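Each chain is listed here by its residues.
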Amino acid sequence: MNAFDLKAALLAKHAQHPVIIHFPIALFIISVAFDLVAIWRKNPTMARAAYYNLLGAALTAPVAVATGLTAWQWQLEGAKLKGNLLLHMIFALSASAMIWLLCAWRIRQRKLPQRTLGITYISLALATVLLIALAGHLGGIVSGVESGAS
């Protein structure tokens, strides 16, 4: 296979999902990190960077979900959802929903005069990072990248 064959790369049955998922994951995790630094340093510039990274994560999450569902249908031929595949999908869809919830929260919060994040927001954001980590781990097992053996 030619590494520079664009047609083969774009039309591979599962190639898009492992590439696309890194965008919402990285954007969301760095958003949380920027929020923590913004709170710690009382830095509105970091808070603004966190906000825009969160928007980027929210905009790319549906693409990651769509490519994941497509990979499930094409590569796994719509295999029954059970075991690690089912757990991967539950954690991934939950994480995506949480990203959208937190993004809506931030959009609404920006319109208020007091613009500080509370402990509830930060707790939910950190819980979402955990959901992402679990979904990624299970995705690695389902795809064969990780063996799942200890």
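Quick notes on the rules
- Residues numbered from 1 in each chain as written.
- Predicted model: local features only at pLDDT ≥ 70, side-chain atom pairs only at ≥ 80, totals over all residues.
- Heavy atoms only, no water.
- Helix = DSSP H or I, 4+ residues; strand = E, 2+ residues; numbered from the N terminus.
- Buried < 20%, exposed > 50% of the residue type's maximum accessible area, 1.4 Å probe, protein only.
- Contact = heavy atoms within 4.5 Å.
- Areas by Shrake-Rupley, 256 points an atom, 1.4 Å probe, with all protein chains shown as cover.
- Phe/Tyr/Trp six-rings, centres within 6.5 Å; stacked < 30°, edge-to-face > 60°.
- Lys NZ or Arg CZ within 6 Å of the ring centre and 35° of its normal.
- Core = buried A, V, L, I, M, F, W, Y, C linked by side-chain atoms within 4.5 Å.
- Expected span 1.5 Å × (residues − 1).
- Salt bridge = Lys/Arg side-chain N within 4 Å of Asp/Glu carboxyl O.
- pLDDT = per-residue confidence, 0-100.

**Q** So what's going on with the overall build of the protein chain? Residues and values would help.
**A** Per the secondary structure count, the protein chain includes six helices and zero strands. Its helices and strands taken in sequence order, the protein chain reads α-α-α-α-α-α from the N to the C terminus. A buried classification covers 29% of the 150 residues belonging to the protein chain. Across the protein chain, contacts joining residues at least 24 apart in sequence account for 69% of those joining residues at least 6 apart. Total accessible area on the protein chain is roughly 9,400 Å²; 69% of this is exposed by carbon and sulfur atoms.

**Q** Help me get a handle on the packing of aromatic side chains, residues and values and all.
**A** Taken as a whole, this structure holds two aromatic pairs when the rule is applied. Ring geometry for Tyr51 and Tyr52: centres 5.1 Å apart, planes at 75 degrees, overall edge-to-face. By relative accessible area, which is 9% here, Tyr51 ends up buried. Their ring planes at 80 degrees and their centres at 5.4 Å tell us that Trp105 and Tyr121 sit as a pair that is edge-to-face. You can see Trp105 sitting in helix H5 (residues 83-110) and its partner Tyr121 sitting in helix H6 (residues 119-143), a full 16 residues away along the chain. In this structure Trp105 comes out as partly exposed when scored by relative accessible area, which is 31%. For the cation-ring pair, Arg41 lies above Trp40, with the distance from its terminal atom to the ring centre recorded as 4.3 Å. Here Arg110 stacks its cationic end above the ring of Tyr51, 4.0 Å away from the centre of that ring.

**Q** Could you give me a rundown of the nonpolar core, with the residues and numbers involved?
**A** Counting residues in hydrophobic clusters, the biggest one holds 16 residues, and the most contacted among them are Phe28, Leu54, Ile99, Leu102, Tyr121, Ala125 and Ile132. For this core, the secondary-structure elements that each account for two or more residues are helix H3 (22-41), helix H4 (44-74), H5 and H6. Not counting chain neighbours up to four residues away, the residues in contact with Leu102 comprise Phe28, Leu54, Tyr121, Leu124, Ala125 and Thr128.

**Q** Please set out H5 residue by residue, giving values where relevant.
**A** Here H5 contains 28 residues, and its C-alpha end-to-end distance of 40 Å stays within 8% of the 40 Å for a straight helix at 1.5 Å per residue. All of the buried residues in H5 are Leu85, His88, Met89, Ala95, Ser96, Met98, Ile99, Leu102, Cys103, Arg106 and Gln109. Each element contacted by the buried residues of H5 is listed here: helix H2 (16-20), H3, H4 and H6.

**Q** An account of the pattern of salt bridges is needed here, citing residue identities and associated values.
**A** Scanning all chains against the criterion turns up one salt bridge. A salt bridge links Asp35 to Arg106; the nearest nitrogen and oxygen atoms lie 2.8 Å apart. With a gap of 71 residues between them, Asp35 in helix H3 and Arg106 in helix H5 connect regions that are remote in the sequence. Considered together, Asp35 and Arg106 belong to a single accessibility category, that of buried residues.

**Q** Summarise the environment of Phe34; cite the residues concerned and give the values.
**A** Residue placement: Phe34 occurs in helix H3. Residue classification places Phe34 among the partly exposed positions, given a relative accessible area of 22%. Among all residues touching Phe34, those that are not within four sequence positions of it are Met46, Ala49, Ala50 and Asn53.

**Q** Go over the confidence of the model for the protein chain with me, naming the residues and quoting the values.
**A** In this model, the protein chain carries a mean pLDDT of 88, and residues with pLDDT of at least 70 account for 88%. The weakest mean pLDDT in the protein chain belongs to helix H1 (residues 6-11) at 62; the strongest belongs to H3 at 97.

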